[in-house]
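Residues per chain, in single letters:
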Amino acid sequence: MKVLLISANTYNRPYPVYPLGLDYVAGAVNGRHTVEISDINTLAEGRMLESKLADFRPDLIGISLRNVDTSDSTDPQGFLDVYKALGARIRSVTRAPVVLGGSAFTLFPEAFLEAMGADFGILGEGERIALLIEALERGEDPTALDGVIGPGKHCKTPAPWSGPCRRRLDRADDPDAHAAYYLRQGGMLNIQSKRGCRFRCIYCTYPYIEGRRIRPFSPAQVAETARCLQEAGARYLFMADATFNTDIDHSLAVARAMTAAGVSIPWGAFFAPMRHPPDYFRQMAAAGLTHVEFGTESLSAPVLSAYGKPFSPTEAFAAHRAAVDAGLHTAHYFLLGGPGETPETVEETLAGAEKLAATAALFFFCGMRIYPHTPLAALAQKEGVITAETDLLTPVFYPNHRVDLNKLAFRLKEAGRRRPNWVVGAGGEETAAVLQRLYRRGRIGPLWEKLIPTSAKG
């Protein structure tokens, strides 16, 4: 069977994100099948996709849907119409069965199945495509499988994938490979050290998509993958875990394994600013870590508690200082206006942010998007904000009547005129344009540290 896997994501703000999931989907398919990956980002304008479909003539098409929308209350942009148009283009060329997957699909499976005219969908992790292919070959209905649905079929939460996780590594330095696009856009490729998240942040969809049980990959396996990507031309790696330091011992083992494997390129990861062992970040820096992205969300204790965060403001400040003292670039992401937020807690967070401002890039998001299968959705339903029938595909934000999000966003934008390292949302077109100029000059990595004034880096 010939299988074509398509990455549908074209949202590149603030920078393009390599479609890591499709490498694992490709790695799950039996070697007797021919699997190719096409990335919409790498296809030029015109009929390149149609030509690929006509030339390859796939027997099965898998489409990965990464983003539902921008999750930005000040300028929400949904991608349903973009995906719908992609489905129509595919159907104009081939009647091969279409299988949808990815995080966006897992959250809104019925809507995307209908909009794109797909035959099947995979909830959660995409490795189930191997079982789906086997069922099709036997002439069986794939929707009998856990996590596989079709139009009109009832969706139920699948168990986390329990089979092997094998990543197919194509030659990233091949100009015809989809990875080459990302190497030209900052030299960044992604790796993963584990799946699952045991944190209980009220807004987060990771526990639904990957499960709450942490399933670590072998540190040696992670390091070998990193070394192979380095040899293929990657100049920067990003750990695509939900939170890299959920399991502190495992994260340290991965860092040591990368050093032992000869990984010498810089890398970054997403961290919770919680309590760490002494010299944790120094050990990480010695292993090549250069960028720490903290999911801080607030610097007010009552708000952190309401958000279900596993740390306190004191621990957040301590983690920040430890990372800075280790010589690492730090960024903090704040999510203002959710449950428990008041004008007083906003001021507390902004006052605390001033203490971070000299050494960090600060990203402020105003408003908490309600996604299905989250504690926030359950809370909103309990409070009568939504009902079980509310269409959450159209962005719905938690209505905090004590905080005016538009005024808050305006205030932050005005503050950002004096503090270039304060960014509202992902920074929009302006920040993206700055990064693109730097990438054209050969710079690598996420580059948000360039937002920090030189005089403040000390």
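This write-up is about the structure you can find in this document. Note that the structure is a prediction, hence the values are computed from the model and not measured. (Residues numbered from 1 in each chain as written. Predicted model: local features only at pLDDT ≥ 70, side-chain atom pairs only at ≥ 80, totals over all residues. Heavy atoms only, no water.)

## Focus on the sheet that holds strand E4 (residues 98–101)
Now for step 1: A sheet is described by the order of its strands in space; here six strands give the open sequence E2-E1-E3-E4-E5-E6, paired in mixed fashion. With partners counted over all chains shown, the strands left at the sheet margins are strand E2 (34–39) and strand E6 (148–149), one partner each.
Now for step 2: In this sheet, E4 lies alongside strand E3 (residues 60–64) in parallel orientation, the contact comprising four bridges. Its bridge partner being in E4, Ser64 is matched across the sheet by Gly101. (Pairing = 2+ DSSP bridges. Helix = DSSP H or I, 4+ residues; strand = E, 2+ residues; numbered from the N terminus.)

## Concerning the packing of aromatic side chains
Now for step 1: Scanning the entire structure with this criterion turns up 16 aromatic pairs.
Now for step 2: Each ring, one from Phe244 and one from Trp267, has its centre 5.7 Å from the other, and the planes form 80°; the classification is edge-to-face. Here Phe244, found in the loop between strand E10 (236–239) and helix H10 (248–260), pairs with Trp267, found in strand E11 (residues 267–271); they are 23 residues apart in sequence, far enough to count as distant. One exposure class covers both Phe244 and Trp267, and it is buried. (Phe/Tyr/Trp six-rings, centres within 6.5 Å; stacked < 30°, edge-to-face > 60°. Buried < 20%, exposed > 50% of the residue type's maximum accessible area, 1.4 Å probe, protein only.)

## Here we look at unusual backbone geometry
Now for step 1: Of note, the phi angle at Asp279 is positive, near 65°, even though the residue is not glycine.
Now for step 2: Within the secondary structure, Asp279 is located in the loop between E11 and helix H11 (280–286).
Now for step 3: A positive phi angle, close to 70°, is found at Glu297, a residue other than glycine.
Now for step 4: Structurally, Glu297 can be placed in strand E12 (residues 289–297).
Now for step 5: Judged by relative accessible area, which is 8%, Glu297 ranks as buried.

## A look at the pattern of salt bridges
Now for step 1: All chains considered together, the criterion is met by 22 salt bridges.
Now for step 2: Across the pair Glu344 and Arg402 runs a salt bridge, and its minimum N-O distance is 4.0 Å. In this pair, Glu344 sits in helix H14 (residues 343–356) while Arg402 sits in the loop between helix H15 (375–382) and helix H16 (405–418), placing the two residues 58 residues apart along the sequence. Each member of the pair Glu344 and Arg402 is classed as exposed. (Salt bridge = Lys/Arg side-chain N within 4 Å of Asp/Glu carboxyl O.)

## Remarks on the sheet that holds strand E14 (residues 360–366)
Strands pair in a sheet through their backbones, by hydrogen bonds, and they do so in one of two ways: parallel or antiparallel.
Now for step 1: Strand order in the open sheet made by the seven strands is E7-E10-E11-E12-E13-E14-E15, with parallel pairing throughout. Each having just a single partner strand, strand E7 (188–191) and strand E15 (422–424) make up the two edges of the open sheet. Neighbour-to-neighbour, the strand axes of the sheet open up by a mean angle of 20°, direction not taken into account.
Now for step 2: Taken together, the three bridges between E14 and E15 define a ladder with parallel strand orientation. Bridging across to E15, Leu362 finds its partner in Trp422.
Now for step 3: Together, strand E13 (329–336), E14 and E15 form the strand contacts of H16, whose direction differs from that of E15 by roughly 145°. (Axes fitted to C-alpha atoms, helices over the stretch in contact; angles between N-to-C directions. Contact = heavy atoms within 4.5 Å.)

## As for the pairing of E4
Now for step 1: Of the two faces of E4, both are covered, the one formed by Val98 and Leu100 as well as the one formed by Val99 and Gly101.
Now for step 2: One crossover worth recording links E3 to the parallel E4 by way of helix H3 (residues 80–91), and it is right-handed.
Now for step 3: In terms of strand pairing, E4 meets strand E5 (residues 120–122) through two bridges, oriented parallel. Bridge pairing in E5 places Val99 opposite Phe120. (Right-handed = clockwise from strand over helix to strand, strands pointing away.)

## Points about H16
Now for step 1: Along its 14 residues, H16 runs 20 Å from first to last C-alpha, staying within 8% of the 20 Å computed at 1.5 Å per residue.
Now for step 2: Restricting attention to buried positions, one finds in H16 the residues Leu405, Leu408, Ala409, Leu412, Ala415 and Gly416. Burial along H16 is one-sided: seen end-on, the buried residues are contained in an arc of 125°. H16 presents Asn406, Lys407, Phe410, Arg417 and Arg418 as exposed residues on the side facing more than 90 degrees away from its buried surface.
Now for step 3: Close packing links the buried residues of H16 with E13, H14, E14 and E15.
Now for step 4: Two to three positions downstream of the cap, the backbone nitrogen of Asn406 sits 3.1 Å from a side-chain oxygen, assigning the N-cap of H16 to Asp404. (Expected span 1.5 Å × (residues − 1). Arc of directions from axis to C-beta. Polar contact = N/O pair within 3.5 Å; in protein donor to acceptor, adjacent residues only side chain to side chain.)

## What to know about H3
Now for step 1: Its 12 residues place the ends of H3 16 Å apart at the C-alpha level, agreeing with the 16 Å of an ideal helix rising 1.5 Å per residue.
Now for step 2: Looking only at H3, the buried set comprises Tyr83, Leu86, Gly87, Ile90 and Arg91. Buried residues of H3, seen end-on, are gathered within an arc of 135° and therefore sit on one face of the element.
Now for step 3: Those residues of H3 that are buried are in contact with strand E1 (2–7), helix H2 (48–56), E3, E4 and helix H5 (109–116).

## Remarks on the environment of Pro76
Now for step 1: In this structure, Pro76 sits in the loop between E3 and H3.
Now for step 2: Residue classification places Pro76 among the partly exposed positions, given a relative accessible area of 41%.
Now for step 3: Pro76 sits 319 residues away from Pro395 along the chain, and the two C-alpha atoms are 7.2 Å apart.
Now for step 4: If we skip the residues at most four places from it in the chain, Pro76 touches Thr70 and Pro395.

## With respect to the side chain of Gln230
Now for step 1: Summarising the element assignment, Gln230 is placed in helix H9 (residues 219–231).
Now for step 2: The buried category is assigned to Gln230, whose relative accessible area is 17%.
Now for step 3: Once residues lying within four places of it in the same chain are set aside, the contact partners of Gln230 are Gly262, Val263, Ser264 and Ile265.

## Digging into the nonpolar core
Nonpolar side chains in soluble globular proteins generally cluster together in the buried interior.
Now for step 1: Counting 117 residues, the largest nonpolar core has Ile63, Leu65, Leu100, Trp267 and Phe281 as the members making the most contacts within it.
Now for step 2: For this core, the leading source of residues is H10, giving six residues.
Now for step 3: Once residues within four sequence positions are removed from consideration, Leu65 is found in contact with Ala8, Tyr83, Leu100, Gly101, Gly102, Ser103, Ala104, Phe105, Phe112 and Met116.
Now for step 4: Counting residues in each nonpolar core, the second largest holds 16 residues, with Leu22, Val29, Val99 and Ile133 among its members. (Core = buried A, V, L, I, M, F, W, Y, C linked by side-chain atoms within 4.5 Å.)

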